[in-house]
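Here are the chains, one letter per residue:
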Amino acid sequence: MDRREMLAYCLGKPGAWLDRPWEDEEVVKVGSRIFAFLGSGEAGATVGIKCGPNRDVADEWLHRYPADARVMRYIGRSGWNTLRIDGAIPADELVEAIDASYETVVAKLPRRERPAAG
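In short, a report on the structure. A quick note: this is a predicted structure, and the numbers were derived from the prediction, not measured. (Residues numbered from 1 in each chain as written. Predicted model: local features only at pLDDT ≥ 70, side-chain atom pairs only at ≥ 80, totals over all residues. Heavy atoms only, no water.)

### Brief notes about the overall build of the chain
The helix and strand inventory of the chain stands at 3 helices and 6 strands. Taken over the C-alpha trace, the chain has a radius of gyration of 13 Å; the compact-globule value for 118 residues is 13 Å, and the two agree within 12%. Projecting the C-alpha coordinates of the chain onto the three principal axes gives extents of approximately 40 × 30 × 25 Å. Among the 118 residues that make up the chain, the fraction classed as buried is 44%. Residue pairs in contact within the chain that sit at least 24 positions apart in sequence constitute 50% of those at least 6 positions apart. In the form shown here, the chain has an accessible surface area of approximately 6800 Å², with 50% of it arising from carbon and sulfur atoms. In the chain, the 17 positive side-chain charges and the 19 negative ones have mean positions that sit 7 Å from each other. (Helix = DSSP H or I, 4+ residues; strand = E, 2+ residues; numbered from the N terminus. Rg over C-alpha atoms; globule rule 2.2 N^0.38 Å. Buried < 20%, exposed > 50% of the residue type's maximum accessible area, 1.4 Å probe, protein only. Contact = heavy atoms within 4.5 Å. Areas by Shrake-Rupley, 256 points an atom, 1.4 Å probe, with all protein chains shown as cover. Lys, Arg positive; Asp, Glu negative; His and termini not counted. Charge placed at Lys NZ, Arg CZ, Asp CG, Glu CD.)

### A closer look at helix H1 (residues 3-11)
Because each turn of an α-helix spans 3.6 residues, side chains separated by three or four positions in sequence point in the same direction. When H1 is considered as a whole, its buried residues turn out to be Arg3, Met6, Leu7 and Cys10. Considered in projection along H1, the buried side chains sweep an arc of 100° and stay on one side of the axis. Measuring from the backbone nitrogen of Arg4 back to the side-chain oxygen at the start of H1 gives 3.2 Å, which picks out Asp2 as the cap. (Arc of directions from axis to C-beta. Polar contact = N/O pair within 3.5 Å; in protein donor to acceptor, adjacent residues only side chain to side chain.)

### Focus on the pattern of salt bridges
Across all of its chains, the model carries 10 salt bridges by this definition. The partner of Arg55 in a salt bridge is Asp59, and the shortest N-O contact between them spans 2.8 Å. With a gap of 4 residues between them, Arg55 and Asp59 both fall in helix H2 (residues 55-64), about one helical turn apart. Salt-bridge contacts for Arg84 lead to Asp86; the nearest nitrogen and oxygen are separated by 3.1 Å. Residue Arg84 is classed as partly exposed on the basis of its relative accessible area of 33%. Through salt bridges that share partners, Arg3, Arg20 and Glu26 make up one connected network. (Salt bridge = Lys/Arg side-chain N within 4 Å of Asp/Glu carboxyl O.)

### Considerations on the state of the cysteines
Throughout the structure, instances matching the rule amount to 0 disulfides. This cysteine, Cys51, is not joined by any disulfide, and Cys10 carries the nearest cysteine sulfur, 12 Å off. Given the relative accessible area of 11%, Cys51 is considered buried. (Disulfide = S-S within 2.5 Å.)

### Looking at the pairing of strand E1 (residues 16-22)
The pairing of E1 with strand E2 (residues 25-30) spans 5 bridges and is classified as antiparallel. Directly across from Asp19, in E2, lies its bridge partner Val27. If you look at the hairpin formed by E1 and E2, you'll find 2 residues sitting between the two strands. (Pairing = 2+ DSSP bridges.)

Pasting the structure below:
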């Protein structure tokens, strides 16, 4: 999986849309909330996602993939990690992680912002 495929997968989620809130970042949101951070690509192919409800759960990624997972700056304490897209993490695990991040974010949205069930 490359960055382009990751972005396309994220944008394929119901209600997902691309935003560029900062100069060097693209993010994918559902409603008003981010569920995936995609850098400009200059720093490597990565995706920042919610990997668990807390740091303890999200740390499993760091133990399993020490060279390809790291705690996200600023929001890492809340269970967010940065995962390398083009590293040792299998594509199916990246897809499952995106799905989980999306579902976690959607569940916390106010009902009026949730995508319609299809």
